[in-house]
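Commentary on secondary and tertiary structure
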Amino acid sequence: SADRIAGLRRYPFRDRPTWSNRWDIWTGESSFSWTFLRSSTGRSPNPTEAPPLSHTVLICDDAVFMRTMVGDILQQAGFEVVGEAETGVQAVEKYKQLRPDLVTMDIVMPDMGGMDAVREICKHDPSARILMCSAMGQQALVVEAIQAGAKDFVVKPFQPSRVLEAVQRVLG
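This write-up is about the structure you can find in this document. Sequence order as written defines the numbering, with residues in each chain counted from 1. Residues qualify for local features only when their pLDDT is at least 70, as the model is predicted, and side-chain atom pairs are given and counted only at 80 or more; totals for whole chains, interfaces and linings, by contrast, use all residues. Side-chain numbers come from the whole structure's heavy atoms, not from hydrogens or water.

Let's talk about the overall build of the protein
Assigned secondary structure in the protein consists of six helices and seven strands. Element order for the protein, N to C, with α for helix and β for strand: α-β-β-β-α-β-α-β-α-β-α-β-α. The 172 residues of the protein split such that 40% are buried. Here, two residues are considered to be in contact whenever any of their heavy atoms come within 4.5 Å of each other. Long-range pairs, those at least 24 residues apart, make up 61% of the contacts in the protein between residues at least 6 apart in sequence. The method behind every accessible area is Shrake-Rupley, applied with a 1.4 Å probe, and residues are considered shielded solely by the protein chains displayed. Accessible surface for the protein amounts to roughly 10,000 Å². Of this, 52% is attributable to carbon and sulfur atoms. Numbering of helices and strands starts at the N terminus; helices are DSSP runs of H or I of at least 4 residues and strands are runs of E of at least 2. Relative accessible area decides the class of each residue, using a 1.4 Å probe on protein chains only: under 20% of the type maximum gives buried, over 50% gives exposed, and in between gives partly exposed.

What follows is the structure, encoded as C-alpha cells:
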C-alpha cells in the first residue's frame with residue numbers, strides 16, 4: 001500500500017490543496033484511496049499535476065463595492081487581481097502597464113466610459129480578453145460592447161457562479 005502513495009506529493013505552492021489525514025477503506029478489499037479536501041480554488045486537485053498558474057485580472061468599475069465583490073469572487077477561485085481602475089482612462093493606462101490576462105469592465109464609468117475604454121484597449125491589443133459587466137436594463141449596450149471588442153458579459157447583480165462561467169468562456 002505504500003507503493004500506491006509513493007507517487008503522491010505535496011504541492012510547494014501557496015495555493016496548495018489540503019490533504020485529509022483519514023483513509024477511505026473499501027469494505028472487503030485491502031485497497032484504499034486518499035480523501036481530498038477541496039483546494040482554495042474550489043476544485044479537487046489532481047495529485048500528480050502541479051496546479052495551473054493563476055491568471056491575472058484588472059478590475060474596472062467606478063463603485064468600490066463592485067470592485068471588491070468581483071475581486072473576492074475571482075481571488076477565491078484562484079485568480080490574481082493585479083490592479084483596479086475606477087475610470088475608463090485609468091483602465092486603459094493600467095491595461096498598458098500591467099498587461100493582465102483578463103479585464104472586467106463596467107459599462108458606465110466617469111471620464112471615459114467602459115465602451116470607449118474597450119475600444120482603446122483593443123486598439124492597443126486586439127487579443128485583449130475583456131468581460132463586460134452590465135446592470136439590468138443595459139443589455140442593448142452589451143451588443144455594442146461586444147462589437148467594440150469585449151469577449152463576453154455578465155449582468156449585475158452578480159452571482160459568483162455566473163461570473164466564473166463567463167470568465168472561463170473568455171479565457172477558454
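Read on, since the account is not over.
Re the layout of surface pockets
In this analysis the probe radius is 1.4 Å and the grid spacing 1 Å, with only protein atoms considered; a cavity is a set of points the probe fits into but cannot get out of, a pocket is an open set with protein on both sides within 12 Å along at least five of seven lines, and lining residues have an atom within 4 Å of a point. Grid points are joined across faces, edges and corners, and a volume is the space filled by probe spheres set on the points. Taken as a whole, the second largest pocket holds about 180 Å³ of empty space. Taken together, Met136, Phe153, Val154, Val155, Pro157, Phe158, Gln159, Arg162, Glu165 and Arg169 form the lining of the second largest pocket. Mapped onto the lining of the second largest pocket, the elements with two or more residues apiece are strand E7 (152–156) and helix H6 (160–171). Any residue outside Ala, Val, Leu, Ile, Met, Phe, Trp, Tyr, Cys, Pro, Asp, Glu, Lys and Arg is labelled polar, Gly included; the first ten of those are nonpolar and the last four are charged. Residues of the lining of the second largest pocket, tallied by class, amount to six nonpolar, one polar and three charged.

Notes on empty space enclosed by the protein
On inspection of all chains with the given rule, the structure shows one cavity of 30 Å³ or more. In this structure, the largest cavity occupies an estimated 30 Å³ of space. Lining the largest cavity, in full, are Ile59, Cys60, Asp61, Met66, Arg67, Val70, Thr104, Cys133 and Phe158. Those elements that provide at least two residues to the lining of the largest cavity are strand E3 (56–60) and helix H2 (64–76). Top element by residues in the lining of the largest cavity is H2. It accounts for three residues.

Comments concerning the environment of Ala85
By secondary structure assignment, the location of Ala85 is in strand E4 (residues 80–85). Taking the C-alpha atoms as reference points, Ala85 and Cys60, separated by 25 residues in sequence, lie 4.6 Å from one another. If we skip the residues at most four places from it in the chain, Ala85 touches Leu58, Ile59, Cys60, Asp61, Arg67, Gln90, Ala91 and Lys94.

A short note on the pairing of strand E6 (residues 130–135)
Summarising burial for E6: five of the six residues are buried, a large majority. Two strands qualify as a pair provided DSSP detects at least 2 bridges between them. Pairing of strand E5 (residues 102–106) with E6 involves four bridges; the strand directions are parallel. Looking at E6, one finds that Thr104 is bridged to Leu131. Viewed along the sheet, the connection from E5 through helix H4 (residues 114–124) into E6 turns out right-handed. Pairing between E6 and E7: five bridges, direction parallel. Each residue of the ladder has a partner; that of Leu131, found in E7, is Asp152. If you view a crossover with the strands going away from you and the path from the first strand over the helix to the second runs clockwise, you call it right-handed.

A word on unusual backbone geometry
Residue Pro157 follows Lys156 across a cis peptide bond; omega there is -5 degrees. Structurally, Pro157 can be placed in the loop between E7 and H6. With a phi angle near 50 degrees, Arg99 is a residue other than glycine that sits in the positive phi range. Looking at where Arg99 falls in the secondary structure, it is placed in the loop between helix H3 (88–98) and E5. Judged by relative accessible area, Arg99 falls into the partly exposed class, the value being 45%.

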